[in-house]
Amino acid sequence: RPGGGLCFGTDTAAANALSDYEEGVCTIKWKAAGNSAVAGGSTTKYTKVGRLVTVTGDMGGNLSSLTQNANMELTGLPFTTSGVGTFPIFTRNFEATGSNTINTVGYFPSGAAYLQVWTMPNHGNYVLAKVQDFHSQTNDLYFSLTYHTT
């Protein structure tokens, strides 16, 4: 299209043109909420089509340097989120202190460049996962999320 962007079929409207496509990598790291220190992490892949971003990652690393009673965050999203949402995660070596964890999910707040991990201990309500809920030496966390950016 002469004005920029890709249009499909016979559509020539600028408002409908796809003007942004990007593939890349970003580094997602473990972070204790309220602290600047980060640990471990993983180089993850992302694809951005227009305002829609998909990030796929496999996290690992040693968390012993993080504040153990702080809420766990994952920091380093390639683009800021423009809305809230949840996404599935799979964990290994995760054990919410003093409970039988039933479900673990990811959550991204609006306007953030980080992710939160929530868990449902003992068939109760969802609560933010703590750093201490993850094994300090051998963690695995796998995720794929799609969100809108600004």
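All values derive from a computational prediction rather than experimental measurement. (Residues numbered from 1 in each chain as written. Predicted model: local features only at pLDDT ≥ 70, side-chain atom pairs only at ≥ 80, totals over all residues. Heavy atoms only, no water.)

**Observations concerning the overall build of the chain**
Selection criterion: Strands here are runs of E lasting at least two residues and helices are runs of H or I lasting at least four, both read from the DSSP assignment and numbered beginning at the N terminus. Residue contacts are defined here by distance: any two heavy atoms, one from each residue, within 4.5 Å place the two residues in contact. Residue burial considers only the protein chains on display, and all accessible areas are found by Shrake-Rupley using a 1.4 Å probe.
A count of helices and strands for the chain gives 0 helices and 9 strands. The linear arrangement of helices and strands in the chain, starting from the amino end, is β-β-β-β-β-β-β-β-β. Of all intrachain contacts in the chain linking residues separated by at least 6 positions in sequence, the fraction that spans at least 24 positions is 62%. Per element, the accessible surface of the chain, about 7,800 Å² overall, is 51% carbon and sulfur.

**Overview of the environment of N103**
Put simply, the rule reads: Any pair of nitrogen or oxygen atoms within 3.5 Å is treated as a polar contact; in protein, a donor-acceptor pairing is required on top of that, and neighbouring residues in sequence qualify only through side-chain atoms on both sides.
Its location among the elements puts N103 in strand β6 (residues 101–108). Taking C-alpha positions, N103 is 5.2 Å from M120, a pair spaced 17 residues apart along the chain. At 2.5 Å, the side chain of N103 and the side chain of Y126 are in polar contact.

**Observations concerning the side chain of Q116**
Tracing the backbone through its elements, the reader meets Q116 in strand β7 (residues 114–121). Within the structure, Q116 has its side chain in polar contact with the side chain of W118 (distance 3.2 Å). Setting aside chain neighbours within four positions, we find Q116 in contact with M72, V105, G106, Y107, P109 and L128.

**Overview of the pattern of salt bridges**
Let me state the cut-off plainly: Salt-bridge detection follows one rule: a side-chain nitrogen of Lys or Arg within 4 Å of a carboxyl oxygen of Asp or Glu. Only protein chains enter the accessibility calculation, which uses a 1.4 Å probe; a residue is then buried when its area is under 20% of its type maximum, exposed when over 50%, and partly exposed in between.
In total, this model carries 2 salt bridges according to the counting rule given. Ionic pairing is found between K48 and D20, a salt bridge with its closest N-O pair at 2.2 Å. Here D20 lies in the segment before β1 (21–32) and K48 lies in strand β2 (residues 38–49), a separation of 28 residues in the sequence. Taking relative accessible area as the criterion, K48 reaches 8% and is therefore assigned buried. K31 is the partner of E73 in a salt bridge, and the nearest nitrogen-oxygen pair spans 3.9 Å. Of the two residues, E73 is situated in strand β4 (residues 72–75) and K31 in strand β1; the sequence distance between them amounts to 42 residues.

**Examining the side chain of D133**
Worth spelling out the cut-off: Only four residue types enter the tally: Lys and Arg on the positive side, Asp and Glu on the negative side, with His and both chain ends excluded.
Mapped onto the elements of the fold, D133 is located in the loop between β8 (127–128) and β9 (140–148). At 7.6 Å, K130 is the nearest oppositely charged side chain to D133, a buried residue that forms no salt bridge. A polar contact of 2.8 Å, which involves the side chain of D133, links it to the backbone nitrogen of K130.

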